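Inside the fold
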Amino acid sequence: MKSTQFNINQLVRKNILGLQPYSSARDEYVSDGSKMIFLDANENPFENGVNRYPDPQQRNLKALLAQQKEVSEKNILLGNGSDEVLDLIFRAFCEPKEDNIITLPPTYGMYQVLASINNIENKKVLLTPGFQPNVSAIFEAINELTKVIFLCSPNNPTGNSFSEESITEILENFNGLVVIDEAYIDFSNKKSWLNSIERYPNLIITQTLSKAYGLAGIRLGVCYSSTSVIEVLNKIKPPYNVNELTQQRAFNRISDTGKVTIEVSEILKERNELMLVLQEMSFVIKIYESDANFILVKVDDANKRYAQLLDMGIVVRNRSTQPLCDNTLRFTVGTTTENEKLIKTLRQL
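Residues numbered from 1 in each chain as written. Predicted model: local features only at pLDDT ≥ 70, side-chain atom pairs only at ≥ 80, totals over all residues. Heavy atoms only, no water.

1. Things to note about the packing of aromatic side chains
Put simply, the test is: We call Phe, Tyr and Trp rings a pair once their centres come within 6.5 Å, taking the six-membered ring for Trp, and we label the pair stacked below 30 degrees between planes, edge-to-face above 60, and tilted otherwise. Numbered from the N terminus, helices here are DSSP runs of H or I no shorter than four residues, and strands are runs of E no shorter than two. Relative accessible area decides the class of each residue, using a 1.4 Å probe on protein chains only: under 20% of the type maximum gives buried, over 50% gives exposed, and in between gives partly exposed. Charges are assigned to positions over rings by a cutoff of 6 Å between ring centre and Lys NZ or Arg CZ, combined with an angular limit of 35 degrees from the ring normal.
One pass over the full model with this rule turns up seven aromatic pairs. Taken together, a centroid distance of 5.1 Å and an interplanar angle of 50 degrees make the contact between Phe131 and Tyr288 tilted. Within this pair, whereas Phe131 is found in the loop between strand E3 (121–124) and helix H6 (135–141), its partner Tyr288 is found in the loop between strand E8 (284–287) and strand E9 (294–299), the two being separated by 157 residues in sequence. We classify Phe131 as buried; its relative accessible area is 4%. Owing to a relative accessible area of 11%, Tyr288 belongs among the buried residues under this scheme. The rings of Phe90, Tyr108, Tyr111 and Phe150 are connected pair by pair, giving a single aromatic cluster. One Lys or Arg, Arg330, reaches over the ring of Phe294 and ends 5.5 Å from the middle of that ring.

Encoded structure:
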């Protein structure tokens, strides 16, 4: 896409363009590490580790992510989970009751929920039977009010990655925003699209610390995009959306890259072994390719098998209600001990 074709101001909601963002005490004075007496934010002065407001721009955490991901800190926005990041995108760029977005079912369910919350039409374009974007159908669905296309790759619940050719065609020919949800990218042998944010000003990438980093409980999502997009999202994010404890825990975990790498390797090893065992099961009809930490499996009777596993103390996800996912179960890859119990249980069915 030629940068001259893309004008961020034509996508931003008019009320957001003229918005004067809230300026917090910690925005107006940024500590340089000097010993100061803080009497500016009406905080409790008795130190307990969390009596002060957190850094609203999460500077230390962004600096670490920028170094590891080889992007500028100005290309990063952090949110209270990826769901907040996604919601900010709706609120900044989609006019309620007017604009529309495009999603590609079967896919992550929060896109639809957030569209409904923000009163935005969701045009659903089914993936192909091979779980790839139907690019021609996507462009047929686009009109002048289409603001965002959501691509989840690796996709949830199918587990596969979308082809580079399909994503490139959409990026280069759609004059709105393209959000690539890379929640599971750390489990994939495909490259992230991070190195393309300078090339495509309409590209937004979301990632999370909930999966590979094992921090689902602290709720931290990451958004990477052009500085113009990040500036818009920063205008409307809550001033202290990422709390102090989350920032500290995330920084420590991200710093320990060796441990994360070991855990991801173990999950991939367990995933491959589980796929081999599933092939032996008589009730398994098809095992779908996975670039994630889960496996989608087509079985003879998903409702029956789900109930049987539940009775035996194992909770999986029945995805049969999703388009193209009739009689499918989604197995998250657990620890070696958990997977051994799952395998033993499956053999008893």
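Additional details are given in the paragraphs that follow.
2. Looking at the layout of surface pockets
So the rule is basically this: Space inside and on the surface of the protein is sampled on a 1 Å grid over the protein atoms alone, with a cavity defined as a set of points where a 1.4 Å probe fits but cannot get out and a pocket as an open set with protein on both sides within 12 Å along at least 5 of 7 lines; lining residues have an atom within 4 Å of a point. Grid points are joined across faces, edges and corners, and a volume is the space filled by probe spheres set on the points.
Size it by volume and the largest pocket reaches roughly 640 Å³. Forming the walls of the largest pocket are 22 residues, and the residues nearest its centre are Ser31, Tyr53, Pro54, Asp55 and Glu244. Where the lining of the largest pocket is concerned, the elements lending two or more residues are helix H3 (59–69) and helix H9 (244–255). At four residues, H9 tops the list of elements feeding residues into the lining of the largest pocket.

3. Details of the sheet that holds strand E5 (residues 177–181)
Heads up, the condition is: Criterion used throughout: strands pair if DSSP finds at least two bridges between them. Every axis corresponds to a line fitted to the C-alpha atoms, with the helix fit spanning only the stretch in contact, and the corresponding angles, defined between N-to-C directions, vary from 0 to 180 degrees.
Spatially, E1-E7-E6-E5-E4-E2-E3 is the arrangement adopted by the seven strands of the open sheet, whose pairing is mixed. Of all strands in the sheet, those with a lone pairing partner are strand E1 (76–79) and E3, marking the two edges. Taken over all neighbouring pairs, the strand axes of this sheet differ in orientation by 25 degrees on average, direction set aside. Sheet analysis places strand E2 (residues 100–103) next to strand E4 (residues 146–152), joined by three bridges and oriented parallel. Residue pairing across strands places Ile102 opposite Ile149, the latter belonging to E4.

4. Observations concerning the sheet that holds strand E10 (residues 317–318)
The following threshold applies: Any two residues whose heavy atoms approach within 4.5 Å are treated as being in contact.
In spatial order, the strands read E8-E9-E11-E10; together these four strands make up an open sheet with antiparallel pairing. Across the chains shown, the open sheet's two edge strands, defined by having one partner strand only, are E8 and E10. Bridge count between E10 and strand E11 (residues 328–332): two bridges; the pairing is antiparallel. Directly across from Arg317, in E11, lies its bridge partner Arg330. Each of E8 and E9 is contacted by helix H10 (residues 257–278), which is oriented at about 10 degrees to E9, the strand it contacts most. Contacts from helix H11 (residues 302–311) reach E9, E10 and E11, with the element oriented near 35 degrees to E11.

Limitation: the analysis is restricted to geometry and does not speak to function.
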